[in-house]
Amino acid sequence: QVQLVESGGGLVQAGGSLRLSCAASGRTFSSYAMGWFRQAPGKEREFVAAISLSGGTTYYADSVKGRFTISRDNAKNTVYLQMNSLKPEDTAVYYCAARWRSIVELTTQGFDFWGQGTQVTVSS
């Protein structure tokens, strides 16, 4: 199993940037595909971005493509989400997620382990 702890959330003005981090426990971090999801009040949790074991393949939701970048540092057991050009509609709790080995689907059902979430609020 893997335990995930997110950090880096906060309040930012529209157009600003934030970088989220997700630190994972254990010695097998490089064996987990990683993802970021978000959930706004009254809405379902939705996919944001995902990255393969080595970091060579990334996936993005259309709503964040070109603005967000997912990356990972396997030596530090950490995955990142760099968020630029933030919009008020990006306001949500952001969750880090992990799946053993390969990514099967870019939905909540496709990931097995979850962090507790970090709040991102973008003011207009």
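To be clear, the structure that these remarks concern was listed above.
Residues numbered from 1 in each chain as written. Predicted model: local features only at pLDDT ≥ 70, side-chain atom pairs only at ≥ 80, totals over all residues. Heavy atoms only, no water.

Caption draft 1: Layout of the packing of aromatic side chains. Following the criterion strictly, the structure yields five aromatic pairs and no others. Here the aromatic rings of Tyr32 and Phe113 are separated by 6.0 Å at their centres, their planes lie at 80°, and the arrangement is edge-to-face. Here the residue Tyr32 occupies a position in strand 4 (residues 32-39), and Phe113 occupies one in strand 10 (residues 113-114), the gap between them amounting to 81 residues. The pair formed by Tyr32 and Phe113 is uniform in burial state, with each residue classed as buried. Judged by centre distance (5.7 Å) and plane angle (75°), the rings of Phe37 and Phe47 are edge-to-face. With Phe37 in strand 4 and Phe47 in strand 5 (residues 46-51), the pair connects residues that are 10 residues apart, well separated along the chain. Each member of the pair, Phe37 together with Phe47, is buried. A network of ring pairs unites the aromatic residues Phe37, Phe47, Phe111 and Trp114 as a single cluster. (Phe/Tyr/Trp six-rings, centres within 6.5 Å; stacked < 30°, edge-to-face > 60°. Helix = DSSP H or I, 4+ residues; strand = E, 2+ residues; numbered from the N terminus. Buried < 20%, exposed > 50% of the residue type's maximum accessible area, 1.4 Å probe, protein only.)

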